[in-house]
Amino acid sequence: MDLLSQFVRYRVGIILGLTIIVASALVPGFFGLTTLSLGLDRASTIGLIAIGLTVLLIAGQIDLSVGSVFALSGIVAVTLQPSLGLGPAAVVGVLAGAACGAFNALLSVVFKVNALVATLATMLIFRSIAHWLTDSQPVAGTDIMFSITLAKIYLNLFTVRSAMFLVGIVLLHIWLTRAVAGRNLFAVGSSAPAAEASGISVGWTMAAGFIFASTMAGVAGVLQSLATNTGSPVFGSELTVMVIAAVVVGGTRLEGGRGSALGTLGGVLTIASLTTAMEFSSVPAYFQQVVAGFILILLVVLDRTVKPRTRAHSAGAPAP
Amino acid sequence: MAHRITTSLVSALALMAAVGTAEAKTVCYVTAADAHAYATPANEALSARADELGLEVLTLSQNFDVQTGTEQLNTCIARKADGIILWPLDPQAYIPGLARAQAAGIPSILINSPMSEQANEFIKSFTGPDVYEEGALAADSLSDAMNGEGSVIVIAGQAGNGTTIGRVGGFVDRLKELDSKIEILDTVNADFDQQKALVASRDLITRFGDKIMGVYANDDTMARGFIDAWKEAHGDKPTPPIVGINGQRDAFDSIRSGEMYSTIVQSPVEDGKLAIETMANILDGKEVDARLPIPLTVVTKENVEDVEPAF
């Protein structure tokens, strides 16, 4: 039982380690700097959104519309390029993401619609707006050379995107563990009435969570559209599930009140290395999702059935 | 946790060194999907031909998700593939990935679908069907069936789709070129969907009645939709000559029974084969053409028993 509870405590690290070891052994060429840097770049799309969702999930809420916001922000950023220029258009794209989040917050916090239902509805609405804005056709940006620059790898390891993701994780970790607002977030997620009673504004905290989650989806969407020089209404259609999986694998609970930045980092890297490893060995796409699904179930079941010996403090432990 | 990860990485490195690397040339194939009526036989043919050519194929399926595909190009580069075959689902989005591959010295070609002209400097060749030529062949075939005169309807695919534009454009231009007396009553979009074609055909049959002396459908699925609508309206009365494209198995049956006049076989097997053969030539250092079309076969009652359906 001791061993098992130790395993549960460090499950993300262990699963990530196992994935990398098995992949390196079975797949030639998996373990290398190029794989690492490109894998990291790939993980950063999921990762940037996961940063936003970690915050929202800790507050006890969820957002299913992040994939649609991802597409919509990218489209806004690309279609405005001719009139505003690259930079300002990107900013407007991110703001569009934030606006979507404000709308989600309005529904969930002000009108008290269950977040699952509210964001399921906005997921459909934002996706449809994306189709409507573009006539269901992909839109091309103005500067393909910029996309190629954005895809460049610095110091043999980082792209602009993956550096942003890693910096984001560090900032999130500091915020969750050191800042008062970060700790308030856990209080809101654990028990909203208790948090309210101790003087925390539950409504504002949750609203901020929604806006933050959508803004991060907007950032990821704008970066994706810049990196591919394309805004497409079909981008991100399979993203939401993967992001939620990554966050949950990282030990954040859907019920709220528990989660960590390092756990999310581990979850994102696990999902990314699993995908890369299976792609490297030509595993069909549908089967990859079966594997990812089972790992998710395994981790969640372990989480429910085995109580860690020492009840780790939610914020401090890397992967409780 | 950091310590644990370090330990894992070290043991992983040790394992890597033990495994070693000695292998044939690897071609990374980013396909549209791995379970699809057209894509699956194309994928299988590509892999089978690669075996014969002694090439290793790493197949990655985008499952019709462009974003997945753009990321898979990274996997190909990380895997240090010797060549990349890409089935593009978007005219632009893959360009940075293709540029990255070029910078890494990996040659890329496109299979099945074209991309925008900006992609040309990053690819060695585009192999796949010539959809404009398919439209022209359909015009020839329908002219034969109608002895060059009469009025027809055109059931087109999705508006704005490259395949639709080519197949309609080739048809119209060819009729003009022949100075044909065939008149087009109307062109409707039915999105390559049998149900939509059925509904549109009902309207057309009501509107034009006996004036419909021939039908050109952008694919066999939509031709089927017209046949069903015709049967609803006219029972056993013989259909006017119908020309479809793709060469599906059920279209072959319709040609045998006389419900359809012809179809054009665009073989996924040829599609897959040509791509890997072109890549093999590139890897051997040979020059290849920038555009390599796959053979197209017009199938009528005459040769329906001799030709394999496309899928």
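Residues numbered from 1 in each chain as written. Chains lettered and ligands numbered in written order. Predicted model: local features only at pLDDT ≥ 70, side-chain atom pairs only at ≥ 80, totals over all residues. Heavy atoms only, no water.

1. Describing a nonpolar patch on the surface
All names here are of chain A.
And then number 1: A cluster of nonpolar side chains, namely Phe103, Leu106, Val110, Phe111, Val113, Leu116, Val117, Ile125, Ile129, Trp132 and Leu133, defines an oily patch on the protein surface of about 1,000 Å² accessible area.
And then number 2: Put simply, the parts of the chain that give the nonpolar patch at least two residues each are α6 (86–110) and α7 (115–134).
And then number 3: In terms of residue count, α7 provides more of the nonpolar patch than any other element does, 6 residues in total.
And then number 4: Mapped onto the elements of the fold, Leu106 is located in helix α6. (Patch = residues over 30% accessible without salt bridge, like charges linked within 9 Å, V, L, I, M, F, W, Y side chains within 5 Å. Areas by Shrake-Rupley, 256 points an atom, 1.4 Å probe, with all protein chains shown as cover. Salt bridge = Lys/Arg side-chain N within 4 Å of Asp/Glu carboxyl O. Helix = DSSP H or I, 4+ residues; strand = E, 2+ residues; numbered from the N terminus.)

2. A short note on the nonpolar core
And then number 1: Ranked by internal contacts, the top residues of the largest apolar core, which has 90 residues, are Ile49, Leu53 and Val243 of chain A together with Leu86, Leu98 and Met115 of chain B.
And then number 2: In terms of residue count, helix α3 (residues 33–58) of chain A provides more of this core than any other element does, 12 residues in total.
And then number 3: With sequence-adjacent residues up to four places away left out, Leu86 of chain B is seen in contact with Val30, Gln62, Leu73, Tyr94, Leu98, Ile109, Leu110, Ile111 and Met115 of chain B.
And then number 4: Counting residues in hydrophobic clusters, the runner-up holds 29 residues, among them Leu198, Ile242, Met260 and Ala310 of chain B. (Core = buried A, V, L, I, M, F, W, Y, C linked by side-chain atoms within 4.5 Å. Buried < 20%, exposed > 50% of the residue type's maximum accessible area, 1.4 Å probe, protein only. Contact = heavy atoms within 4.5 Å.)

3. Considering the sheet that holds strand β3 (residues 83–86) of chain B
Residues and elements named next belong to chain B.
And then number 1: With parallel pairing, 6 strands are arranged side by side in an open sheet as β2-β1-β3-β4-β5-β11. Two strands close off the open sheet at either side, each with one partner strand: β2 (56–61) and β11 (291–293). The sheet shows a mean angle of 20 degrees between the axes of neighbouring strands, direction not considered.
And then number 2: Across 3 bridges, strand β5 (residues 125–128) lies against β11 in parallel orientation. Directly across from Thr127, in β11, lies its bridge partner Leu292. (Pairing = 2+ DSSP bridges. Axes fitted to C-alpha atoms, helices over the stretch in contact; angles between N-to-C directions.)

4. Quick look at the packing of aromatic side chains
Residue and element names in this part refer to chain B.
And then number 1: Tallied over the entire structure, the rule returns 5 aromatic pairs over all chains.
And then number 2: Ring plane angle 90 degrees and centroid distance 5.8 Å describe the contact between Tyr38 and Phe311, whose orientation is recorded as edge-to-face. On the criterion of sequence distance, the pair formed by Tyr38 in the loop between β1 (26–31) and α2 (39–53) and Phe311 in the segment after β12 (296–299) is long-range, its members being 273 residues apart.
And then number 3: According to the relative accessible area criterion, Tyr38 is buried, its value standing at 9%.
And then number 4: Each member of the aromatic cluster is reached from another via a ring pair, and the members are Tyr38, Trp87 and Phe311. (Phe/Tyr/Trp six-rings, centres within 6.5 Å; stacked < 30°, edge-to-face > 60°.)

5. Some thoughts on the pattern of salt bridges
Residues and elements named next belong to chain B.
And then number 1: Evaluation of the coordinates by the stated rule reveals 19 salt bridges over all chains.
And then number 2: Among the ionic pairs, Asp228 bridges to Arg224, the shortest N-O distance being 3.3 Å. Taken together, the positions of Asp228 and Arg224, both in helix α8 (residues 220–234) and 4 residues apart, correspond to about one turn of that helix.
And then number 3: Taking the relative accessible area as the measure of exposure, Arg224 reaches 17% and is therefore buried.
And then number 4: Close ionic contact of Arg256 with Asp253 constitutes a salt bridge, the shortest N to O distance being 3.0 Å. Residue Arg256 and its partner Asp253 are located together in helix α9 (residues 249–257), separated by 3 residues, close to a single helical turn.
And then number 5: A network of salt bridges, in which partner residues are shared, links Arg224, Asp228, Lys231 and Glu259.

6. As for the sheet that holds strand β7 (residues 181–189) of chain B
All names here are of chain B.
And then number 1: One open sheet accounts for 4 strands, arranged β7-β6-β8-β9; its pairing is parallel. Looking at which strands have only one partner, the edges of the open sheet turn out to be β7 and β9 (242–243).
And then number 2: Bridging between strand β6 (residues 149–156) and β7 involves 8 bridges; their strand directions are parallel. Of the residues in β7, the one forming a bridge with Ser151 is Glu183.
And then number 3: Running at roughly 120 degrees to β6, α8 makes contact with β6, β8 (214–217) and β9 of the sheet.

7. Concerning the state of the cysteines
All names here are of chain B.
And then number 1: Taken as a whole and assessed by the stated rule, the structure comprises 1 disulfide over all chains.
And then number 2: Between Cys28 and Cys76 runs a disulfide, and the two sulfur atoms are separated by 2.1 Å. Sign of the S-S torsion, about -65 degrees for the bond between Cys28 and Cys76, identifies this disulfide as left-handed. Pair noted here: Cys28 is in strand β1 and Cys76 is in helix α3 (residues 66–78), with a separation of 48 residues, a long-range link. (Disulfide = S-S within 2.5 Å.)

8. What about the confidence of the model for chain B?
All names here are of chain B.
And then number 1: In the predicted model, chain B carries a mean pLDDT of 88, and the fraction of residues at 70 or more is 92%.
And then number 2: Ignoring residues within four places in sequence, the model shows residues 5–22, a span with pLDDT below 50, making 19 contacts including any to other chains.
And then number 3: This complex was scored by the predictor with a pTM of 0.75 and an ipTM of 0.72. (pLDDT = per-residue confidence, 0-100.)

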